[in-house]
Amino acid sequence: MDKIKSLLLPLALVFAALAVFETGARYGATNMRAHAIAGELAFPLNAFVQGQGKLDAVSLGNIASVIDNGVAAASMHRQIWYLDKNAKASLDKVLAFAFTIRGDGVEKRIVAEQEKEGQDSETKDRLSKVLEAVKSAQAELVEQAAASDTPEPEAPAAE
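Residues numbered from 1 in each chain as written. Predicted model: local features only at pLDDT ≥ 70, side-chain atom pairs only at ≥ 80, totals over all residues. Heavy atoms only, no water.

## Structural notes on helix α1 (residues 2-51)
Formally: In this description a helix means any DSSP run of H or I spanning at least four residues, a strand means any run of E spanning at least two, and both kinds are numbered starting from the N terminus. The span one expects for a helix is its residue count, reduced by one, times 1.5 Å. Each residue is assigned a bend, namely the angle between axes fitted to the seven residues that terminate at it and the seven residues that start at it. When a residue's accessible area, from a 1.4 Å probe over protein chains only, is under 20% of the maximum for its type it is buried; when over 50% it is exposed; and in between it is partly exposed. Should any heavy atoms of two residues lie within 4.5 Å, those residues are counted as being in contact.
Its 50 residues give α1 an end-to-end C-alpha distance of 74 Å, which sits within 8% of 74 Å, the value for a rise of 1.5 Å per residue. Largest kink in α1: about 30 degrees, centred on L8, with the proline P10 one to four residues after it. What α1 keeps buried is the set T30, N31, A34, I37, A38, L41, P44, L45, F48 and G51. In this structure, the buried side of α1 is in contact with α2 (57-77) and α3 (85-102).

So this is what it looks like as structure tokens:
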């Protein structure tokens, strides 16, 4: 028993170090994933904007599908509570641009996917969570844009 007692403290320290390392790795990986999602979404958004009027409807539909998937991923990812300010700002910037480009197209696509026949309840639950995240992100970004567009009231001039 004495041998086991002498090993408990070093063993506890090793497990504590592993837990701290794992938490740091998860935090860093989550933030880097947010930047990666934002970067991956920027290209199809630019292609969609530049391709309007030049590409056929099928090509624009394919690009819109990629955008919708990226918006869904970004909307879900921005809900993570330990996302740092820079990563969230990166996601918010690209999502605001995506919502101005696609409007309600993302929501319509998710609703259409939910209404497909032959889906199990787990898939429908997942899609409803994604739809909720997209609506939440869109509402928050619209509020932020409205708040930044509103001019601050000026103080009356003292005479």
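This is not the end of the story, as more comes after the structure.
## A word on a nonpolar patch on the surface
Note the following rule: Excluding any residue in a salt bridge, patches collect residues exceeding 30% relative accessible area, merging like charges within 9 Å and nonpolar Val, Leu, Ile, Met, Phe, Trp and Tyr side chains within 5 Å. The accessible surface values rely on the Shrake-Rupley method and a 1.4 Å probe; as for residues, cover is taken only from the protein chains in view. One side-chain nitrogen of Lys or Arg within 4 Å of one carboxyl oxygen of Asp or Glu is enough to make a salt bridge.
Judged by side-chain polarity, L11, V14, F15 and L18 come together as a nonpolar surface patch covering roughly 390 Å² of accessible area. As for its placement among the helices and strands, L18 is situated in helix α1. With a relative accessible area of 49%, L18 lands in the partly exposed category.

## Topic: the packing of α2 against α3
Definition in use: The angle between two axes is taken between their N-to-C directions and runs from 0 to 180 degrees, where each axis is a line fitted to C-alpha atoms and a helix contributes only its stretch in contact. In these notes the angle categories are as follows: under 35 degrees is roughly parallel, over 145 is roughly antiparallel, 65 to 115 is roughly perpendicular, and the rest is oblique. By convention the crossing between two helices is left-handed if the near helix lies anticlockwise of the far one by an angle smaller than a right angle, and right-handed if it lies clockwise.
Viewed as axis vectors pointing N to C, α2 and α3 meet at an angle of 140 degrees, and their least axial separation amounts to 10 Å. As far as their axial angle goes, α3 and α2 are oblique. Considering how the two elements wind past one another, α2 and α3 form a crossing that is left-handed. In contact with A64, I67, D68, V71, A74, S75 and H77 of α2, α3 contributes L91, L95, A98, F99 and R102.

## Some details on the packing of aromatic side chains
Going by this rule: Any pair of Phe, Tyr and Trp rings, taking the six-membered ring for Trp, is counted once the centres come within 6.5 Å. Such a pair is stacked with planes under 30 degrees apart, edge-to-face with planes over 60 apart, and tilted for the rest.
This structure, assessed with the given rule, holds two aromatic pairs. Residues Y27 and Y82 carry aromatic rings whose centres are separated by 6.2 Å and whose planes lie at 40 degrees to one another, so their mutual orientation is tilted. In this pair, Y27 is assigned in helix α1 and Y82 in the loop between α2 and α3, connecting sequence segments 55 residues apart. Given the relative accessible area of 36%, Y27 is considered partly exposed. A residue is classified by how much of its surface remains accessible, and Y82, at 21% relative accessible area, is partly exposed. With a centroid separation of 5.2 Å and 85 degrees between ring planes, the pair formed by W81 and Y82 is classed as edge-to-face.

## Some remarks on the nonpolar core
This is how the line gets drawn: The set of buried Ala, Val, Leu, Ile, Met, Phe, Trp, Tyr and Cys residues whose side-chain atoms join them within 4.5 Å is what this entry labels a nonpolar core.
Counting 28 residues, the largest nonpolar core has I67, V71, L91, L95, F99 and I110 as the members making the most contacts within it. Where this core is concerned, the elements lending two or more residues are α1, α2, α3, α4 (105-114) and α5 (121-149). Per-element tally for this core: the top contributor is α2, with seven residues. What L91 contacts, discounting residues up to four positions off in sequence, is A34, I37, A38, A74, H77, R78 and L83.

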